[in-house]
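Fold and geometry: a report
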Amino acid sequence: MSFPRFLDLSARVSGHLRQAPADASATVRHLLLDSRRADLPVGAAFFALRGPSHDGHRYLHDLYAQGVRLFFVEENIALPGGLAAYPEAGIMEVVSPLAALQALAAAHRAQFTAPVLGITGSNGKTIVKEWLAQLLSPDEDICRSPRSYNSQVGVPLSVWELNPERHTLGIFEAGISEVGEMARLARIIRPTEGIFTNLGTAHDAGFASEEQKLLEKLTLFQGADFQRLFYCADQPLVRAAVVALQLPGFSWTRLPTPPADVRFTTEASSPANTTRLRADYPAPGLTAEFTLPFADEPSIENALHCLAVLLHRQVEPAEIQRRLLRLHPVAMRLEMKLGRHDSYLLDDTYNNDLAGLALALNALARQSRPGRRTLILSDVLESGLSSPELYARVAALLPAAGVSRLVGIGEEISRELKIEPGSTPSGADASTDPASFLIQTFPTTEAFLAQLNPTDFAHETILIKGARRFGFERIVAALQAQQHGTVLEVNLDALSHNLQYYRRQLSPGTKLMVMVKAFAYGAGSYEVASLLEFQRADYLAVAYADEGIALREAGISLPIMVMNAAPDSFETLRRYRLEPEIYSLEMLDEYLATFDIPAESPLLTPKIHLKLDTGMRRLGFDEADLPALAARLRQHAARLPVASMMTHLAAADESGHDDFTHEQLAAFRRMTTALEAALGHSVLKHALNSAGILRFPAAQFNMVRLGIGLYGVDASNTADPAVLRPVSQLRTTISQIKTLPAGTTVGYGRRGTAAAAERRIATLAIGYADGYDRRFGNGAGTVLIHGQAAPLVGSVCMDMCMVDVTNIPAARAGDVALLFGEGLPLPELAARIGTIAYELLTSVSERVKRVFVSE
Ligand SMILES: *Cc1c(COP(=O)(O)O)cnc(C)c1O
């Protein structure tokens, strides 16, 4: 793969060179749009984009200070501080930094000769992309847009990740909101194949008509090397357009009549939450049956697009079926949930446009539960229609779905939505008198919640559909049945709060590395890492390469240090921009041997971190290793860019060992001084963990490593107990309660010894396989039920345990039991079984569902 030389780019980006970079050979390897990713100064080029509330030119100074040397700026712009403030920088003045970004991405794309699949349409693009990537990943090495990077800015960034030496397929989604945009995206993606998901009414505002929007979208598929468009023939307008434009198509249908390459027939009698279907693919004479692991209409449509692609590729039907069953849901799809009082919820609180509403109503129509069907709907956004017309269309959609009760939330819907008595739904359930169509409106979600009584919705099937800003998750929470089973609830606000607390302890300029090893201390690494990225932590650290890879695959771009990288992972680390900690001469030599050919550029050489042993006696270079280490660093300087030097304190949390800690810190100063002298420049240095941050503020050097404190545990016992907030709460439910006569024993080995009096014993749905420690058994542990302590009785079993609720008469099956969290502090619980909070947090097993809350 080759990257363009900055000096050669003026023609390509329609610009002119205002100043050549000090390094005339500098190439553009990374595209930067904000100052947060400036972990890659070498080869990073910054594009100063300007938006309504944002001006990239403001960051120029910051980025230059962080080492970025290549800049694309608007013509005739006054650089902050004047040109003299950027002596080594290459500065290219362009008519439009966005167009320059797009032009570079298009040129990069041209180096890639393997297939590229472009996805557009109104709904489902991201899900189809994610699912297709999951379904094809056994056969292909896929480069795909991260999340929904489908805009004028997102597409160039996505396509830039294509690596001809590694990827065998690119999958990119393209979204547009006005005329002219798709042509620009088409030049960047240059798809050889495509999927058109469907034509909806979202984002109508930028288009004169549905036809115009459709034609605009289809320009994605009109390049010279375009070979095949996968599409559903059931939307007449789409079918007509594909034919009129003579696009090479591969069509599928679910109807009996339209001609199509594949015909899918769904069976009405599929088992609950699944869809059985038959595929007839006459060209090769194939008929096959498949079961999809869901039953809602939008998911079926998305899956059929993917299925068409797999059938066309002639993947074996049995293999397709195996892969289909492993599809993981993509978070933004409609979710089915049990509601309180025997109600059933279809939760679609992600967006709310007319097309999405129609799809969601389809899913509602397919529900076979008896009883009333209710729609809770916010103002419908971005339809491009006038309000009266928009809400007339909304009203017209309701009868087919059998909706007989509507709760409208928002100023506009309250004003505009009218259900004429004559238009009440005839298809509604027979038990519902059509004359009794109920309509209620509320100006805000708060107003609705204030009067909400969940029994009013007993036995109903409820579609909850609201635009993001209405916060309908709160309605779902109020109507949802108590979570059954065991959950670890992670409070993201508490996490941010703790982060800010530790940040305030740092001297200005001190950087913050956050430890997200061990699944972020059990809390869920991706969610925590993505919050930390948002909160602008400087570095993340994990224990093993796999943990780092998972974060990169999830789209985390912060620099990541890997503490225990095995030599066979060095190549992979480089590929994922993960930075290993090197802790011995042997490891250093293996590292050098892996990369014995110098990288083609310094940028492809990942930075390393040197671990120095000053007294922990675990991993690290000893003082005696320093001369040999220094010699290697000097000899191989180009291949060993050192990002930082670190040491770990053995007893930062114990004042009895403070003399030892001071000796460790003195040794660290000595060793780093010697190494920096050998390197000829200074690097980041760090020694403090959470306890150290609070107890040794003078030893922050220029970075610290925050761990357990972030998760709300003060290992040093020096923080004011009120300042840290507990982040994780482990809870489960009572499965059954038994009243046991005096003299009865409980559980395995009859270790729950008999009592003199009658007792009530509750069985909880959590055991040691969930990470609830077996040592809590037989009275060592307690849980909280209705805020009252219930002691453990008998041994903790694999999936269950028993507690005594004799003194909690209100306890009932289904009630929540708290195992740790507010009222049951981790350090105290840990002490009862002779361990530490770290172990309790990190042992909650991955089978326990993590729920992330933010108030
Ligand atoms: C885990 C770890 C930390 C963080 O320790 P806490 O006590 O959780 O703050 C810091 N440095 C290293 C090397 C670690 O392994």
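Residue indices begin from 1 for each chain and proceed along its sequence in written order. Reporting of local features is limited, given that this is a predicted model, to residues whose pLDDT is at least 70; pairs of side-chain atoms are given and counted only at 80 or more, and all residues count toward the totals for whole chains, interfaces and linings. Heavy atoms from the whole structure form the basis of all side-chain values; hydrogens and water molecules are not counted.

**What about the site of the ligand?**
The test is simple: Distances are taken per atom, and a residue is near a molecule or strand as soon as one of its heavy atoms is within 4 Å of it. A 3.5 Å cut-off defines polar contacts: any pair of N or O atoms within that distance qualifies, except that in protein one atom must be a possible hydrogen donor and the other a possible acceptor, and neighbouring residues in sequence count only when both atoms are side-chain atoms. Per-residue accessibility takes into account occlusion by the displayed protein chains alone, with areas from the Shrake-Rupley method and a 1.4 Å probe. Gly is placed with the polar residues, together with every amino acid not listed as nonpolar (Ala, Val, Leu, Ile, Met, Phe, Trp, Tyr, Cys and Pro) or charged (Asp, Glu, Lys and Arg).
Surrounding the ligand, one finds Met515, Lys517, Tyr521, Met563, Arg618, His648, Asn689, Ser690, Arg705, Gly707, Ile708 and Tyr838. One of the side-chain N or O atoms of Ser690 is found 2.4 Å from an oxygen atom in the ligand. At a separation of 2.6 Å, an oxygen atom of the ligand approaches a polar side-chain atom of Tyr838. Protein contact buries 94% of the 390 Å² of open area that the ligand shows by itself. Considered class by class, the residues forming the shell around the ligand number five nonpolar, four polar and three charged.

**Overview of helix α3 (residues 125-136)**
Put simply, the rule is: Helix and strand assignments come from DSSP, with helices taken as H or I runs of at least 4 residues and strands as E runs of at least 2, each series counted from the N terminus. One less than the number of residues in a helix, times 1.5 Å, gives the span that helix is expected to have. The rule is simple: take the accessible area with a 1.4 Å probe, protein chains only, and divide by the maximum for that residue type; under 20% is buried, over 50% is exposed, in between is partly exposed. By definition, residues are in contact when any of their heavy atoms lie within 4.5 Å.
With 12 residues, α3 extends 16 Å from end C-alpha to end C-alpha; this agrees with the ideal 16 Å at 1.5 Å per step. Where burial is concerned, most of α3 is hidden: 11 out of the 12 residues are buried. Within the span of α3, buried status applies to Lys125, Thr126, Ile127, Val128, Lys129, Glu130, Trp131, Leu132, Ala133, Leu135 and Leu136. Check the buried side of α3 and you find it contacts β8 (116-120), β9 (142-144), β10 (169-173), β11 (193-196), α8 (297-312) and α9 (317-325).

**Examining unusual backbone geometry**
What you tend to see is this: most non-glycine residues have negative phi, and most peptide bonds are trans. At Asp342, a position not held by glycine, the phi torsion is positive, near 60 degrees. Structurally, Asp342 can be placed in the loop between β17 (335-338) and β18 (344-348). Residue Asp342 is classed as partly exposed on the basis of its relative accessible area of 48%. Positive phi is not limited to glycine here, since Ala518 has a value of about 50 degrees. Counting through the fold element by element, Ala518 comes out in helix α16 (residues 517-521). With relative accessibility at 36%, the residue Ala518 sits in the partly exposed group.

**Re the UniProt feature "active site" (unreviewed entry) in the protein**
To be explicit about the condition: UniProt positions are given in the numbering used here, feature names are shortened, and annotations may be inferred rather than shown by experiment.
This chain's UniProt record puts "active site" (unreviewed entry) on Lys517 and Tyr748. A maximum C-alpha distance of 35.4 Å among these annotated residues, which run over 232 residues, shows that they spread across the structure rather than meeting at one spot. In this structure, Lys517 sits in helix α16. Discounting chain neighbours no more than four positions away, the residues touching Lys517 are Ala541, Val542, Ala543, Glu547 and Met563. Here Tyr748 lies in the loop between β32 (728-740) and β33 (759-764).

**Remarks on the nonpolar core**
What counts is decided by this rule: We call a set of buried Ala, Val, Leu, Ile, Met, Phe, Trp, Tyr and Cys residues a nonpolar core when their side-chain atoms join them within 4.5 Å. Note that the domain bounds reflect an automated or database-derived domain assignment.
Val516, Leu540, Leu610, Tyr711, Val783 and Ile785 are the most contacted members of the largest nonpolar core, which has 120 residues in total. Both of domain 4 (490-711) and domain 5 (728-854) provide at least three residues apiece to this core. In contact with Leu540, other than residues within four places in its own chain, are Met513, Val514, Val516, Ala529, Leu532, Leu551, Ile556, Leu558, Pro559, Ile560 and Met561. Grouped together as the second largest cluster of nonpolar side chains are 39 residues, Val262, Leu304, Cys306 and Leu310 included.

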